[in-house]
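# Analysis of the macromolecular model
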Amino acid sequence: MAMPALNEDRLLANGAAPGRECDDCTVCCALLAQAELRKPMRRACDHACRNGCAIYETRPQGCRDFHCLWLRGALPADLSYRPDRLGVLFDGYRPVGAGHLRLVALEAWNDAFDGSAARELIDAIAQERPLELSYRDGSWQTRGPVSGEGQAVLRRGD
Ligand code: SF4
Ligand code: SF4
């Protein structure tokens, strides 16, 4: 049976889906750029600690506003798909000035994209929409739907 990859209704949702919580996940704090903290992409935030955010009550607005696709409810609910379990953070947004939706998947640790659950989810999403993969080594690959069998590798670069 095909995996239901994306809940399209939740792709651009503004908040967390009912019953979903970050708990002690801090994957976005390690992977994403944070302009207010002048933190570049793929550098761990100084405020991240074992149990989450050490300045949770006073964390910057950008941190408050961010909800990954799992937290938004766009991905399957099972906790094994939360980024700290799966090793992959999925995000979706409309870049400023662009009409299209950009979907990205960021690898949290080496070879996380090769895990069976991650691979299955990536394959299922890429059958529906272009998906940009950000590898741990800094390289990128774009996967997307093609006519006929298989999926195209559209681009890969540093
Ligand atoms: S990656 Fe998602 S689940 Fe994890 S802390 Fe960030 S928003 Fe929460
Ligand atoms: S301030 Fe807190 S929520 Fe924001 S990136 Fe750092 S650890 Fe994460």
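Above this text you will find the structure in question.
As the structure is a prediction and not an experimental result, all values here were calculated from the model.

On to the pattern of salt bridges. Enumeration over the complete set of coordinates arrives at 8 salt bridges. The shortest N-O distance in the salt bridge between Arg-82 and Asp-23 comes to 3.4 Å. Placement of Arg-82 in the loop between helix H3 (69-72) and helix H4 (83-86) and of Asp-23 in the segment before helix H1 (27-31) is noted, with a sequence separation of 59 residues between them. Looking at Arg-82, the relative accessible area reads 2%, which means it is buried. Each member of the salt-bridge network shares a partner with another, and the members are Asp-23, Asp-24, Arg-82, Asp-84 and Arg-85.

Here the focus is helix H5 (residues 116-126). Within the sequence span of H5, burial applies to Ala-118, Leu-121, Ile-122, Ala-124, Ile-125 and Ala-126. Residues of H5 that are buried in the fold lie against H4, strand S3 (88-93), strand S4 (102-107), strand S5 (131-134) and strand S6 (140-144).

Turning next to the side chain of Ser-134. Inspection of the secondary structure puts Ser-134 in strand S5. Residue classification places Ser-134 among the buried residues on the basis of a relative accessible area of 1%.

We now examine the side chain of His-67. Mapped onto the secondary structure, His-67 falls in the loop between helix H2 (61-65) and H3. On the basis of relative accessible area, His-67 is assigned to the buried category, the value being 15%. At a separation of 3.2 Å, a polar atom in the side chain of His-67 contacts the main-chain carbonyl oxygen of Asn-14. Polar contacts involving the side chain of His-67 include one to the main-chain carbonyl oxygen of Asp-65, which spans 3.1 Å. Aside from chain neighbours lying at most four places away, what touches His-67 is Asn-14, Gly-15, Ala-16, Arg-72 and Asp-91.

The environment of ligand 1 is made up of Cys-22, Cys-25, Cys-28, Phe-66, Cys-68, Leu-71, Arg-82, Pro-83 and Leu-89. Comparing atom positions with the cavity grids shows ligand 1 to sit within the largest pocket. Classifying every residue of the shell around ligand 1 by side-chain character gives 8 nonpolar, no polar and 1 charged. Residue assignment places the shell around ligand 1 across two domains, with domain 1 (24-66) and domain 2 (67-158) each supplying three or more.

Burial of S5 is two-sided: the residues Leu-131 and Leu-133 facing one way and the residues Glu-132 and Ser-134 facing the other way are all buried. The sheet contact formed by S4 and S5 spans 3 bridges and is parallel. The partner of Leu-106 across the bridge, within S5, is Ser-134. Viewed along the sheet, the connection from S4 through H5 into S5 turns out right-handed. Here 4 bridges tie S5 to S6, and the two strands are oriented antiparallel to one another. Of the residues in S6, the one forming a bridge with Glu-132 is Thr-142. The turn linking S5 back onto S6 is made up of 5 residues, and Gly-138 within it adopts a positive phi angle of 95°.

Turning our eyes to something else, we now look at the site of ligand 2. By nearness alone, every residue bordering ligand 2 is listed as Cys-29, Leu-37, Cys-45, His-47, Ala-48, Cys-53, Ile-55, Pro-60 and Cys-63. Among the cavities detected, the one that contains ligand 2 is the largest pocket. Residue composition of the shell around ligand 2, by class: 8 nonpolar, 1 polar and no charged.

What counts, and where the lines are drawn
Along each chain, numbering runs from 1 in the same order as the chain's sequence is written. To read the labels, note that chains go from A and ligands from 1, taken in the order they are written. Local features in a predicted model are, by the rule used here, given only for residues with pLDDT of at least 70; side-chain atom pairs are given and counted only at 80 or more, and totals for whole chains, interfaces and linings are based on all residues. To obtain the side-chain values, all non-hydrogen atoms of the structure were used and water was disregarded. Whenever Lys or Arg places a side-chain nitrogen within 4 Å of a carboxyl oxygen from Asp or Glu, that contact is recorded as a salt bridge. Per the convention used, a helix needs a DSSP run of H or I reaching at least four residues, while a strand needs a run of E reaching at least two, with both numbered from the N terminus. Working definition: with a 1.4 Å probe on protein chains only, accessible area under 20% of the residue-type maximum means buried, over 50% means exposed, and in between means partly exposed. In this analysis, two residues are considered to be in contact whenever any of their non-hydrogen atoms come within 4.5 Å of each other. We call two N or O atoms a polar contact when they sit within 3.5 Å, provided that within protein one can donate a hydrogen and the other can accept it, with sequence-adjacent residues counted only if both atoms are side-chain atoms. Nearness is defined per residue: one heavy atom within 4 Å of the molecule or strand is enough. A cavity, in this analysis, means grid points on a 1 Å lattice covering only the protein atoms where a 1.4 Å probe fits yet has no way out; a pocket is instead an open set bounded by protein on both sides within 12 Å along at least five of seven lines, and a residue lines either one if it has an atom within 4 Å of a point. Assignment to a cavity or pocket requires that more than half of a molecule's atoms be within 2 Å of the site's grid points. All residues other than Ala, Val, Leu, Ile, Met, Phe, Trp, Tyr, Cys, Pro, Asp, Glu, Lys and Arg, Gly among them, are scored as polar; the first ten of these are nonpolar and the last four charged. Domain start and stop positions are those given by an automatic or database domain assignment. The pairing criterion for strands is at least two bridges between them, as found by DSSP. Orient the strands so they point away from the viewer; a crossover is then right-handed if the path from the first strand over the helix to the second runs clockwise.

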